[in-house]
Amino acid sequence: MSTPRAHLIRCLRDAYAMEKHSETMLGAQACRLGDDAHLRIHIQHHLHETLGQQAMLASCLARLGSGPSLIKGMAGEITAFSQVVIGMTMRDEVVKGAMSTYAFEHAEIAAYTALVSVARAAGDLETTRICERILQQEVEMAGWLSRHIPATVTRYLMGVARKRDEATR
Ligand code: MG
Ligand code: FE
C-alpha cells in the first residue's frame, strides 16, 4: 500500500513533468506568434511563471527527499514538440495555439486542484500552500486566455481579409 507521502511524491513528479511540457509548448508558441504581439507578451509572461513553478515543485520534492523524474520530463517534451509540428501545418495557427494553451491551462487547473488535496492529506502544509499559489497562476492564465481568444480570432480574420484584398487588387 502506498503511503500518502509516497503518493504526494508521485503527483509532484507528474506535475513537474507537466511543467516541462508547458515550458516547451509556451516557448515554441512565443516564437511563432510574431504577428500577434499582444498574445506573445502574455505567453512569455506565463513561460516565466512556469519556470518558477518548476523551481517550486523541485523544492517540494527536495524537502520530501526526492527529485524530478527526468525520463517523464523528456516524454512530455517530445509530446509538446509533436504538437507544435502539427500546429504549424494549420493556417490559423495563432488561434489554434491559443485554444490548445487554453485547454492545457485547464488540465493544469485539474492537476493542481487534486494536488492541493493530496498534499493536505499527506499533512504537508508547505506543499499545500505552494500548490495553491501555482493553481492561482493557472486560473489567472486560463482567465486571461478566455478573455482574449475573441480578439485573437478578430485579428486573425482581419489579417486574412487584408491578404485577400491585396490579392484581388
Ligand atoms: Mg503551469
Ligand atoms: Fe500554466
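These numbers were taken from a predicted model, which means no experiment stands behind them.

**So, the coordination of the magnesium ion (ligand 1)**
Point 1. The coordination sphere of the magnesium ion (ligand 1), as far as protein atoms go, consists of Glu 19 (OE), Glu 19 (OE), Gln 53 (OE1), Glu 108 (OE) and Glu 138 (OE), spread over 2.0 to 2.4 Å.
Point 2. Mapped onto the sequence, the donors of the magnesium ion (ligand 1) take the spacing E-x33-Q-x54-E-x29-E.
Point 3. The distance between the magnesium ion (ligand 1) and the iron ion (ligand 2) comes to 3.1 Å, and Glu 108 binds to both of them. In this pair, Gln 53 is assigned in helix H2 (residues 37–63) and Glu 138 in helix H5 (residues 125–168), connecting sequence segments 85 residues apart.
Point 4. Of the residues examined, Glu 138 reaches a relative accessible area of 0% and is grouped as buried.

**Observations concerning the coordination of the iron ion (ligand 2)**
Point 1. Bound to the iron ion (ligand 2) are the protein donor atoms His 46 (NE2), Glu 105 (OE), Glu 108 (OE) and Glu 138 (OE), situated 2.0 to 2.2 Å from the metal.
Point 2. Coordination at the iron ion (ligand 2) is irregular: its four donor atoms span angles of 79 to 167° at the metal.
Point 3. Ordering the donors of the iron ion (ligand 2) by residue number gives the pattern H-x58-E-x2-E-x29-E.

Parameters and conventions
- Residues numbered from 1 in each chain as written.
- Chains lettered and ligands numbered in written order.
- Predicted model: local features only at pLDDT ≥ 70, side-chain atom pairs only at ≥ 80, totals over all residues.
- Heavy atoms only, no water.
- Donors = N, O, S within 2.8 Å, 3.2 Å for Na, K, Ca; no water.
- Helix = DSSP H or I, 4+ residues; strand = E, 2+ residues; numbered from the N terminus.
- Buried < 20%, exposed > 50% of the residue type's maximum accessible area, 1.4 Å probe, protein only.
- Tetrahedral: all angles 85-135°; square planar, octahedral: opposite > 155°, others 65-115°.

Fair warning: the whole summary comes from geometry, so function is off the table for now.
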